[in-house]
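Working through the structure, step by step
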Amino acid sequence: MIYFDNAATTPLLPEVIDKMSETMKTTFGNPSSLHAHGRMASKLLRESREQIAQSLHTLPNRIFFTSGGSESNNTVIKGYCLKHQADGKHIITTALEHHAVLEPIEYLVERFGFEVTIVQPRDGRIQASDIKAALRPDTILVSTMFANNETGDLLPIKEIGELLKDHPAAFHVDAVQAIGKVPVYPEELGIDFLSASAHKFHGPKGVGFLYAAVPDFDNLIHGGDQESKMRASTENLISIVGMATALQQATLHQVENFNQVQKLGQELVNGLAAYDYYVNANDDHLPFVWNLGFPGVQNDVLLMRLDLAGISVSTGSACTAGTVQPSHVLEALYGKDSSRLKESLRISFSELNTVEEVQDFLAKLKEILS
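Conventions used here
- Residues numbered from 1 in each chain as written.
- Predicted model: local features only at pLDDT ≥ 70, side-chain atom pairs only at ≥ 80, totals over all residues.
- Heavy atoms only, no water.
- Helix = DSSP H or I, 4+ residues; strand = E, 2+ residues; numbered from the N terminus.
- Rg over C-alpha atoms; globule rule 2.2 N^0.38 Å.
- Buried < 20%, exposed > 50% of the residue type's maximum accessible area, 1.4 Å probe, protein only.
- Contact = heavy atoms within 4.5 Å.
- Areas by Shrake-Rupley, 256 points an atom, 1.4 Å probe, with all protein chains shown as cover.
- Lys, Arg positive; Asp, Glu negative; His and termini not counted.
- Charge placed at Lys NZ, Arg CZ, Asp CG, Glu CD.
- Core = buried A, V, L, I, M, F, W, Y, C linked by side-chain atoms within 4.5 Å.
- Pairing = 2+ DSSP bridges.
- Expected span 1.5 Å × (residues − 1).
- Axes fitted to C-alpha atoms, helices over the stretch in contact; angles between N-to-C directions.
- Parallel < 35°, antiparallel > 145°, perpendicular 65-115°, else oblique.
- Left-handed = near helix turned anticlockwise from the far one by under 90°.
- Nonpolar A, V, L, I, M, F, W, Y, C, P; charged D, E, K, R; others polar.
- 1 Å grid on protein atoms, 1.4 Å probe; cavity = no way out; pocket = protein on both sides within 12 Å on 5 of 7 lines; lining within 4 Å.
- Points joined across faces, edges and corners; volume = space filled by probe spheres on them.
- Polar contact = N/O pair within 3.5 Å; in protein donor to acceptor, adjacent residues only side chain to side chain.

1. A word on the overall build of the protein
The helix and strand tally for the protein stands at 13 helices and twelve strands. For the protein, whose C-alpha radius of gyration is 21 Å, the value lies close to the compact-globule estimate of 21 Å for 370 residues. When the backbone C-alpha atoms are referred to their principal axes, the protein occupies close to 65 × 55 × 35 Å. When the 370 residues of the protein are sorted by exposure, 54% land in the buried category. Taking the contacts inside the protein whose residues are at least 6 apart along the sequence as the reference set, 74% of them involve residues at least 24 apart. Entry remark: accessible area of the protein is about 16,400 Å², with carbon and sulfur atoms responsible for 51%. Computed over 30 positive and 45 negative side-chain charges, the separation of the two mean positions in the protein equals 4 Å.

Below is the structure:
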């Protein structure tokens with residue numbers, strides 16, 4: 001079987017499994033306990049925070065552990081906006097965002113009277129100038145993704161960070177698809193808040209982190225003093241240790257991993273040269289994600305045929321799997337009547353994939369298309 005759905009989730013690295021297994025055997029104490037068992041757990045928690053901070057070139061006290069990207073996004077969007085609503089109730093985001101950003105914003109609009117400007121792509125991409133044009137005196141938050149989860153397209157994060165230097169709005173970046181794959185240094189990019197999820201970079205599911213330059217938000221979970229009193233609940237130490245190990249490995253091998261995935265993408269493109277196909281992406285996109293389609297070939301049928309052939313790909317975000325709704329990302333890029341909405345597949349690589357797997361995929365694809 002071949003797994004090409006790494007944008008949905010990634011397999012655990014052996015180093016991560018070993019570290020988590022070791023922690024299960026040796027460190028079961030509660031990090032908040034004052035006795036020796038608690039201190040052992042607290043030490044591991046502190047070391048994990050330091051490892052993650054090092055990968056982001058930031059300070060450990062700016063890293064807050066969460067249950068994943070969705071919680072991190074909700075914490076910033078709801079927590080920051082509700083705390084600062086007296087300063088304004090206007091939010092800017094883009095039409096390409098994950099539902100874990102769009103739905104919390106929609107909640108604030110419906111329940112608390114916030115206003116949102118959803119910036120549409122222009123010429124196939126989000127333009128920083130359109131973010132600037134949408135800014136108002138009462139704008140308190142700009143929330144964009146670093147890299148799109150369906151197309152791999154990179155957004156102009158550095159440019160947005162620069163233009164917000166002269167505006168009081170906070171800048172939140174959903175970096176779930178970028179962390180571990182490319183260098184992401186929030187302080188160099190002018191980012192105030194950043195969300196990440198471990199299972200996108202070969203860590204465990206159900207754990208993530210939030211970078212906050214300043215923890216200037218209302219906490220959503222009450223009941224304890226964990227995470228500097230910003231997120232109650234006993235920390236998921238085993239998964240946090242796994243996440244820190246995964247990010248450390250991703251950072252150490254980032255260049256070679258990127259080069260390996262680029263090689264896979266080139267093999268894919270070379271093999272598709274004989275076909276009538278298109279790629280849903282602009283020139284500035286991560287090689288980890290390829291969103292492509294074959295004119296006249298329905299993606300649901302192709303997905304099923306590939307699955308029967310032992311190849312796992314997807315039609316878009318795993319968080320909307322099982323629905324019949326077309327991709328809101330492709331709809332924003334090409335229009336709701338575009339045939340691409342029913343033709344496109346997402347193939348997403350990790351460095352654990354091989355050229356031989358791509359070749360096998362192309363051979364099976366040839367059989368199916370012919």
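2. As for the environment of Leu164
Within the fold, Leu164 resides in the loop between α6 (157-163) and β6 (170-174). Taking the C-alpha atoms as reference, Leu164 lies 8.2 Å from Lys132; in sequence the two are 32 residues apart. Beyond its immediate sequence surroundings of up to four residues, Leu164 is in contact with Leu135, Val142, Ala169 and Phe171.

3. Side note on the nonpolar core
Core analysis: the largest hydrophobic core is formed by 82 residues, its most contacted members being Ile179, Phe209 and Leu268. Looking at this core, the element that brings in the most residues is helix α9 (residues 237-252), giving seven residues. In this structure, Phe64, Val76, Ile91 and Ile140 belong to the second largest nonpolar core, which totals 18 residues.

4. So, the sheet that holds strand β10 (residues 289-293)
In spatial order, the strands read β9-β10-β12; together these three strands make up an open sheet with antiparallel pairing. Sheet topology places β9 (278-279) and β12 (344-348) at the edges, where each strand pairs with a single neighbour. Sheet topology note: the β9/β10 ladder contains two bridges and is antiparallel. Pairing of Tyr278 across the sheet is with Gly293, part of β10.

5. Some remarks on helix α10 (residues 254-272)
Taking 1.5 Å of rise per residue, 19 residues should cover 27 Å, and α10 covers 27 Å from first to last C-alpha, within 8% of that figure. Where α10 is buried, its residues touch α9, β10, β12 and α13 (355-369).

6. Digging into the pairing of β12
Burial of β12 is extensive: five of the five residues sit out of reach of the surface. Alternating residues of β12 divide into Ser344, Arg346 and Ser348 and Leu345 and Ile347, and every residue in both groups is buried. Here β10 pairs with β12 via five bridges, running antiparallel. Across the sheet, the residue bridging to Asn291 is Arg346, located in β12.

7. Points about the packing of helix α3 (residues 69-83) against helix α4 (residues 99-112)
Contact pair α3 / α4: the axes reach a minimum separation of 9 Å and the direction vectors enclose 30 degrees. The angle between the axes of α3 and α4 places the two elements in the roughly parallel class. Of the two elements, α3 crosses α4, and the hand of that crossing is right-handed. In this structure, α3 contributes Ser70, Asn73, Asn74, Ile77, Lys78, Cys81 and Leu82 to the contact, and α4 contributes Ala100, Val101, Pro104, Ile105, Tyr107, Leu108 and Phe112. In terms of residue class, the contact of α3 with α4 is built from ten nonpolar, three polar and one charged.

8. Re α3
Because an α-helix packs 3.6 residues into every turn, residues spaced three or four apart end up facing the same way. Helix length check: α3 (15 residues) gives 21 Å between terminal C-alpha atoms against 21 Å at 1.5 Å per residue, within 8%. Within α3, twelve of the 15 residues are buried, which leaves it mostly tucked inside the rest of the structure. Taken together, the buried positions of α3 are Gly69, Glu71, Ser72, Asn73, Asn74, Thr75, Val76, Ile77, Lys78, Gly79, Tyr80 and Cys81.

9. Examining empty space enclosed by the protein
On inspection of all chains with the given rule, the structure shows one cavity of 30 Å³ or more. Taken together, Phe64, Phe65, Thr66, Thr75, Leu210, Phe217, Met230 and Arg231 make up the lining of the largest cavity. Looking at the lining of the largest cavity, the element that brings in the most residues is strand β2 (residues 63-66), giving three residues. Class assignment of the residues belonging to the lining of the largest cavity gives a composition of five nonpolar, two polar and one charged.

10. So, the sheet that holds β6
Judged by pairing direction, the sheet is mixed, and its seven strands sit side by side in the order β2-β8-β7-β6-β5-β3-β4 without closing on themselves. If you trace the sheet from one side to the other, it starts and ends with β2 and β4 (115-119), each paired once. Taken over all neighbouring pairs, the strand axes of this sheet differ in orientation by 20 degrees on average, direction set aside. Across five bridges, the pairing between strand β3 (residues 90-94) and β4 is parallel. Bridging across to β4, Ile91 finds its partner in Val116. In the packing of α3 onto the sheet, the strands contacted are β2, β3, β5 (139-145), β6, β7 (193-197) and β8 (208-212), and the crossing angle to β7 comes to about 160 degrees. Across the face of the sheet, α4 comes into contact with β3, β4, β5 and β6 while running at roughly 155 degrees to β3.

11. Examining the side chain of His98
By the element assignment, His98 lies in the loop between β3 and α4. On the accessibility criterion, His98 (16% relative accessible area) is buried. Among the polar contacts listed, one links the side chain of His98 to the backbone nitrogen of Ala100, at a separation of 2.9 Å.

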